[in-house]
Amino acid sequence: MMKDELRALKSLAGPLPTFDMEEVPDDPQLLFSSWFRDAVQAGVEEPHAMVLSTVDEQGAPDARILILKHLDHRGWHFASTDQGPKGRQMALNPQVALTFYWTRLGRQVRIRGMVRRADMHERDADFLARPPGARAIALTARQSERLASPRELEEALELQRERLRQGPDLVAPHWSLFIVAPREVEFWQGDTERRHRRLHYRHGATGWVREKLWP
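Residues numbered from 1 in each chain as written. Predicted model: local features only at pLDDT ≥ 70, side-chain atom pairs only at ≥ 80, totals over all residues. Heavy atoms only, no water.

## Let's talk about the pattern of salt bridges
1) Next: All told, the structure shown has 18 salt bridges when counted by the stated rule.
2) Next: Notably, a salt bridge pairs Asp62 with Arg64, separated by 3.4 Å at the nearest N-O pair.
3) Next: Linking Arg74 and Glu122 is a salt bridge whose minimum nitrogen-to-oxygen distance equals 2.6 Å. Here Arg74, found in the loop between strand 3 (70-72) and strand 4 (75-81), pairs with Glu122, found in helix 4 (residues 120-128); they are 48 residues apart in sequence, far enough to count as distant.
4) Next: Looking at Glu122, the relative accessible area reads 18%, which means it is buried.
5) Next: It is possible to trace a salt-bridge network through shared partners that takes in Glu154, Glu158, Arg161, Glu162 and Arg165. (Salt bridge = Lys/Arg side-chain N within 4 Å of Asp/Glu carboxyl O. Helix = DSSP H or I, 4+ residues; strand = E, 2+ residues; numbered from the N terminus. Buried < 20%, exposed > 50% of the residue type's maximum accessible area, 1.4 Å probe, protein only.)

Shown next as structure tokens:
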């Protein structure tokens, strides 16, 4: 029923940047940092937004958009509650995927790896850096549960706001800062003629191995 509407929409209309797959760093994190800064400079909205993909106990896939908090030698960082679906799914299966897409540049980065928790002091610092409203909603500890009414939400939030007024350094005990250690990273540069450029990094026994892929 939407085919004609979808066909009328343009994709990868350009102009798009080039991607020289010969002139790239050995470490995919360095290339990611470069592409991320290109996205910021190009005015991409929320360039730090990413899709986190997990699987549940039946092996069914799940995905949602989160915000990248940090990138260092350990991997890509993001924060979430342990008590929601994604927290439970990662506890059962720590293999996850991250996807970034920067529309204005026609660029996509896909990361596959293992997730682990950061140290407690890093978790605490992340939580305390969040806006008061975000801390209050996290303290309710009811993510993805059935909501009976808007009033139920407001009453719960007011209770947590009061807790924060009484204890501004309060950290939700179920809050975690997660780090995805990459096993594979793929960089995709779109092309108006669909001759996309794809560069795949795979972590081997002696370091990163690079290979070009067909579009």
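## Digging into the pairing of strand 9 (residues 207-213)
1) Next: One ladder, built from 7 bridges, connects strand 8 (residues 197-204) with strand 9; its direction is antiparallel. Bridge assignment links Tyr201 to a residue of strand 9, and that residue is Arg210.
2) Next: What sits between the antiparallel neighbours strand 8 and strand 9 is a turn of 2 residues. (Pairing = 2+ DSSP bridges.)

Distances and angles like these do not, on their own, reveal function.
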